[in-house]
Amino acid sequence: MTSWLHEQRLQAVLDAVGDCNPGTVLDLGCGDGDLLVRLATWPTVKAIVGIDLSAPSLRQLRARMAALEDRITASVDLIHGSLTENCRSLTGFDCAVLVETIEHIDPGRLAVVEQAVFGEMRPGRVVITTPNAEFNPVLGVPLHRFRHPDHRFEWGRDRFRRWARGVAGRHGYTGCCSDIAGTHPELGGASQMAVFDREDRR
(Lines give C-alpha, C1' and ligand atoms only; values in the text may rest on other atoms or scores of the structure.)
Protein backbone atom coordinates (compact mmCIF):
# COMPACT_ATOMS: atom_id res chain seq x y z
CA MET A 1 0.00 0.00 0.00
CA THR A 2 1.32 3.45 -0.83
CA SER A 3 2.21 5.92 1.88
CA TRP A 4 -0.64 8.16 0.72
CA LEU A 5 -3.17 5.39 1.33
CA HIS A 6 -1.60 4.63 4.68
CA GLU A 7 -1.90 8.26 5.70
CA GLN A 8 -5.52 8.32 4.56
CA ARG A 9 -6.27 5.33 6.75
CA LEU A 10 -4.50 6.79 9.78
CA GLN A 11 -6.32 10.08 9.39
CA ALA A 12 -9.70 8.34 9.23
CA VAL A 13 -8.89 6.49 12.46
CA LEU A 14 -7.63 9.64 14.16
CA ASP A 15 -10.85 11.42 13.21
CA ALA A 16 -12.95 8.56 14.62
CA VAL A 17 -10.94 8.54 17.84
CA GLY A 18 -11.06 12.31 18.19
CA ASP A 19 -14.84 12.34 17.82
CA CYS A 20 -15.21 10.67 21.23
CA ASN A 21 -12.55 12.88 22.89
CA PRO A 22 -10.94 10.02 24.83
CA GLY A 23 -8.72 10.41 27.83
CA THR A 24 -7.52 6.81 27.66
CA VAL A 25 -6.81 4.73 24.55
CA LEU A 26 -5.90 1.11 23.80
CA ASP A 27 -3.90 0.46 20.62
CA LEU A 28 -4.36 -3.27 20.05
CA GLY A 29 -1.81 -4.44 17.53
CA CYS A 30 0.12 -1.17 17.73
CA GLY A 31 3.09 -2.37 15.64
CA ASP A 32 5.85 0.21 15.44
CA GLY A 33 3.48 2.97 16.43
CA ASP A 34 2.34 4.96 13.40
CA LEU A 35 -0.93 5.71 15.20
CA LEU A 36 0.23 5.55 18.79
CA VAL A 37 2.95 8.20 18.52
CA ARG A 38 0.41 10.65 17.10
CA LEU A 39 -2.14 9.97 19.82
CA ALA A 40 0.57 10.33 22.46
CA THR A 41 1.01 14.00 21.49
CA TRP A 42 -2.67 14.87 21.92
CA PRO A 43 -3.02 16.95 25.11
CA THR A 44 -6.46 15.47 25.83
CA VAL A 45 -5.14 11.87 25.85
CA LYS A 46 -3.75 11.10 29.28
CA ALA A 47 -2.89 7.40 29.01
CA ILE A 48 -2.27 4.93 26.19
CA VAL A 49 -1.60 1.20 26.29
CA GLY A 50 -0.13 -0.42 23.19
CA ILE A 51 -0.04 -4.19 22.72
CA ASP A 52 1.74 -6.16 20.02
CA LEU A 53 3.11 -9.66 19.50
CA SER A 54 6.22 -8.38 17.72
CA ALA A 55 9.11 -7.54 20.02
CA PRO A 56 11.12 -5.88 17.19
CA SER A 57 8.16 -3.61 16.39
CA LEU A 58 7.88 -2.56 20.01
CA ARG A 59 11.61 -1.83 20.17
CA GLN A 60 11.23 0.39 17.14
CA LEU A 61 8.25 2.10 18.74
CA ARG A 62 10.22 2.81 21.91
CA ALA A 63 12.96 4.38 19.81
CA ARG A 64 10.42 6.56 18.01
CA MET A 65 8.96 7.68 21.31
CA ALA A 66 12.41 8.51 22.68
CA ALA A 67 13.04 10.72 19.65
CA LEU A 68 9.76 12.55 20.30
CA GLU A 69 10.09 12.69 24.06
CA ASP A 70 9.63 16.45 24.27
CA ARG A 71 6.33 16.25 22.36
CA ILE A 72 4.71 13.26 24.08
CA THR A 73 2.23 14.30 26.73
CA ALA A 74 0.46 10.99 27.46
CA SER A 75 1.56 8.23 29.79
CA VAL A 76 2.38 5.28 27.50
CA ASP A 77 2.60 1.62 28.52
CA LEU A 78 3.73 -0.95 25.95
CA ILE A 79 2.95 -4.64 26.37
CA HIS A 80 4.60 -7.45 24.44
CA GLY A 81 1.99 -10.18 24.10
CA SER A 82 -1.47 -11.14 22.98
CA LEU A 83 -4.44 -8.88 23.60
CA THR A 84 -6.50 -11.93 24.58
CA GLU A 85 -4.08 -12.72 27.43
CA ASN A 86 -4.19 -9.22 28.89
CA CYS A 87 -7.86 -8.36 28.44
CA ARG A 88 -8.94 -8.60 32.07
CA SER A 89 -6.47 -5.90 33.10
CA LEU A 90 -7.50 -3.53 30.30
CA THR A 91 -11.00 -2.49 31.29
CA GLY A 92 -12.29 1.05 31.69
CA PHE A 93 -10.71 2.61 28.60
CA ASP A 94 -12.52 5.26 26.62
CA CYS A 95 -11.46 3.99 23.20
CA ALA A 96 -9.71 1.00 21.59
CA VAL A 97 -8.30 0.81 18.08
CA LEU A 98 -7.35 -2.18 15.94
CA VAL A 99 -5.77 -0.80 12.78
CA GLU A 100 -5.26 -3.45 10.08
CA THR A 101 -5.07 -6.06 12.84
CA ILE A 102 -7.94 -8.54 12.61
CA GLU A 103 -6.84 -9.90 9.22
CA HIS A 104 -3.68 -11.24 10.92
CA ILE A 105 -5.82 -13.42 13.20
CA ASP A 106 -6.84 -16.94 12.26
CA PRO A 107 -10.59 -16.87 11.49
CA GLY A 108 -11.12 -19.63 14.04
CA ARG A 109 -9.85 -17.29 16.77
CA LEU A 110 -11.82 -14.21 15.80
CA ALA A 111 -14.54 -15.10 18.30
CA VAL A 112 -11.92 -15.19 21.07
CA VAL A 113 -10.64 -11.75 20.10
CA GLU A 114 -14.19 -10.44 19.85
CA GLN A 115 -14.95 -11.64 23.37
CA ALA A 116 -11.71 -10.16 24.72
CA VAL A 117 -12.32 -6.71 23.23
CA PHE A 118 -16.10 -6.35 23.37
CA GLY A 119 -16.95 -8.75 26.18
CA GLU A 120 -14.07 -8.21 28.63
CA MET A 121 -12.38 -4.86 27.93
CA ARG A 122 -15.60 -3.11 26.84
CA PRO A 123 -14.16 0.30 25.89
CA GLY A 124 -16.60 3.11 25.20
CA ARG A 125 -15.65 3.19 21.51
CA VAL A 126 -13.89 0.62 19.31
CA VAL A 127 -12.42 1.52 15.92
CA ILE A 128 -11.44 -1.33 13.60
CA THR A 129 -9.96 -1.17 10.12
CA THR A 130 -9.17 -4.01 7.73
CA PRO A 131 -8.33 -4.30 4.04
CA ASN A 132 -11.17 -4.25 1.54
CA ALA A 133 -10.61 -7.33 -0.64
CA GLU A 134 -12.70 -5.82 -3.44
CA PHE A 135 -10.05 -3.12 -3.91
CA ASN A 136 -7.17 -5.57 -4.36
CA PRO A 137 -7.21 -5.51 -8.19
CA VAL A 138 -6.64 -1.74 -8.11
CA LEU A 139 -3.49 -2.39 -6.07
CA GLY A 140 -2.33 -5.10 -8.47
CA VAL A 141 -2.93 -7.94 -6.01
CA PRO A 142 -3.68 -11.23 -7.86
CA LEU A 143 -7.02 -12.87 -7.09
CA HIS A 144 -5.36 -15.91 -5.51
CA ARG A 145 -3.23 -13.87 -3.08
CA PHE A 146 -3.65 -11.62 -0.06
CA ARG A 147 -1.94 -8.23 0.26
CA HIS A 148 0.47 -9.51 2.90
CA PRO A 149 1.79 -13.03 3.49
CA ASP A 150 0.80 -12.86 7.17
CA HIS A 151 -2.86 -12.12 6.41
CA ARG A 152 -5.19 -14.97 7.35
CA PHE A 153 -8.19 -13.55 5.48
CA GLU A 154 -9.35 -10.46 3.62
CA TRP A 155 -13.02 -9.54 3.47
CA GLY A 156 -15.13 -7.62 1.02
CA ARG A 157 -17.43 -4.91 2.28
CA ASP A 158 -20.58 -7.01 2.64
CA ARG A 159 -18.77 -9.64 4.70
CA PHE A 160 -17.19 -7.04 6.95
CA ARG A 161 -20.50 -5.28 7.51
CA ARG A 162 -22.24 -8.53 8.44
CA TRP A 163 -19.49 -9.30 10.94
CA ALA A 164 -19.66 -5.79 12.42
CA ARG A 165 -23.44 -5.97 12.83
CA GLY A 166 -23.11 -9.31 14.58
CA VAL A 167 -20.44 -8.03 16.96
CA ALA A 168 -22.48 -4.95 17.84
CA GLY A 169 -25.63 -6.95 18.46
CA ARG A 170 -23.92 -9.57 20.61
CA HIS A 171 -22.21 -7.10 22.94
CA GLY A 172 -24.46 -4.08 23.35
CA TYR A 173 -22.79 -1.73 20.89
CA THR A 174 -24.00 0.27 17.94
CA GLY A 175 -21.83 0.17 14.85
CA CYS A 176 -21.37 1.89 11.52
CA CYS A 177 -19.05 1.05 8.63
CA SER A 178 -17.39 3.22 6.03
CA ASP A 179 -14.89 3.06 3.17
CA ILE A 180 -11.54 4.69 3.83
CA ALA A 181 -8.20 5.25 2.08
CA GLY A 182 -9.51 6.25 -1.32
CA THR A 183 -12.91 5.56 -2.81
CA HIS A 184 -13.53 3.71 -6.07
CA PRO A 185 -17.04 4.22 -7.50
CA GLU A 186 -17.65 0.45 -7.57
CA LEU A 187 -15.01 -1.12 -5.33
CA GLY A 188 -14.99 1.25 -2.35
CA GLY A 189 -11.81 2.15 -0.50
CA ALA A 190 -8.53 0.34 -0.05
CA SER A 191 -9.50 -0.21 3.59
CA GLN A 192 -12.76 -0.25 5.48
CA MET A 193 -13.58 0.89 8.98
CA ALA A 194 -16.14 0.02 11.62
CA VAL A 195 -16.80 2.34 14.56
CA PHE A 196 -18.59 0.81 17.54
CA ASP A 197 -20.04 2.75 20.46
CA ARG A 198 -21.15 1.06 23.65
CA GLU A 199 -24.87 1.65 24.00
CA ASP A 200 -24.76 2.60 27.68
CA ARG A 201 -22.24 5.35 26.87
CA ARG A 202 -24.26 7.04 24.13
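Residues numbered from 1 in each chain as written. Predicted model: local features only at pLDDT ≥ 70, side-chain atom pairs only at ≥ 80, totals over all residues. Heavy atoms only, no water.

*Asks:* For the overall build of the protein chain, give the residues involved together with the corresponding values.
*Replies:* A count of helices and strands for the protein chain gives five helices and seven strands. Counting helices and strands in the order they occur from the N terminus, the protein chain gives α-β-α-β-α-β-β-α-β-α-β-β. Whereas a compact globule of 202 residues would reach a radius of gyration of roughly 17 Å, the protein chain reaches 16 Å, a difference of no more than 12%. Across its three principal directions, the C-alpha atoms of the protein chain cover 45 × 40 × 30 Å. Counting across all 202 residues of the protein chain, residues that qualify as buried make up 50%. Partitioning the contacts of the protein chain with sequence separation of at least 6, the portion at a separation of at least 24 is 73%. (Helix = DSSP H or I, 4+ residues; strand = E, 2+ residues; numbered from the N terminus. Rg over C-alpha atoms; globule rule 2.2 N^0.38 Å. Buried < 20%, exposed > 50% of the residue type's maximum accessible area, 1.4 Å probe, protein only. Contact = heavy atoms within 4.5 Å.)

*Asks:* Got a sec to walk through the packing of aromatic side chains? Specific residues and values, please.
*Replies:* In this description, a pair of aromatic rings is defined by centroid distance and the angle of the planes. Inspection of the entire model under this criterion finds five aromatic pairs. Plain terms: the ring middles of F118 and F196 are 4.9 Å apart, the flat faces sit at 75 degrees to each other, and that makes the pair edge-to-face. With F118 in helix α4 (residues 110–121) and F196 in strand β7 (residues 191–198), this residue pair connects regions lying 78 residues apart in the sequence. Each member of the pair, F118 as well as F196, carries the same accessibility label: buried. Measuring from ring centre to ring centre gives 6.1 Å for F160 and W163, while their planes differ by 20 degrees; the resulting arrangement is stacked. (Phe/Tyr/Trp six-rings, centres within 6.5 Å; stacked < 30°, edge-to-face > 60°.)

*Asks:* So, the nonpolar core: which residues are in play, and what are the values?
*Replies:* Ranked by size, the top nonpolar core spans 31 residues in total, and within it L28, L83, I102, W163 and F196 carry the most contacts. Secondary-structure elements contributing two or more residues to this core are β1 (24–28), β2 (47–52), β4 (95–99), α4, β5 (125–131), α5 (157–171) and β7. Ranked by the residues each element gives to this core, the list is headed by α4, at six residues. Filtering out sequence-adjacent residues up to four positions away, I102 remains in contact with L110, I128, T130, F153, W155, F160 and W163. Core analysis: the next-biggest nonpolar cluster, separate from the first, contains 28 residues, I48, L58, I72 and V195 among them. (Core = buried A, V, L, I, M, F, W, Y, C linked by side-chain atoms within 4.5 Å.)

*Asks:* Describe α4, naming the residues involved and giving the relevant values.
*Replies:* Taking 1.5 Å per residue, 12 residues should reach 16 Å; α4 reaches 15 Å between its end C-alpha atoms and fits that length. Among the residues of α4, L110, V113, E114, A116, V117, F118 and M121 are the ones counted as buried. Down the axis, α4 shows its buried residues gathered within 160 degrees of arc, on one side only. Looking at the buried positions of α4, the neighbouring elements they touch are β1, β5, α5, β6 (173–180) and β7. Of the residues one or two after α4, R122 is the one with positive phi, at around 50 degrees. (Expected span 1.5 Å × (residues − 1). Arc of directions from axis to C-beta.)

*Asks:* Any chance you could break down the sheet that holds β7 for me, citing the residues and the numbers?
*Replies:* Where strands meet in a sheet, backbone hydrogen bonds hold them as pairs that are either parallel or antiparallel. Taken together, seven strands build an open sheet; the order of strands is β3-β2-β1-β4-β5-β7-β6 and the sheet is mixed. Across the chains shown, the open sheet's two edge strands, defined by having one partner strand only, are β3 (75–80) and β6. Between one strand axis and the next, the sheet turns by 15 degrees as a mean value, whatever way the strands run. Pairing analysis gives seven bridges linking β5 to β7, with the strands arranged antiparallel. Pairing of R125 across the sheet is with D197, part of β7. (Pairing = 2+ DSSP bridges. Axes fitted to C-alpha atoms, helices over the stretch in contact; angles between N-to-C directions.)

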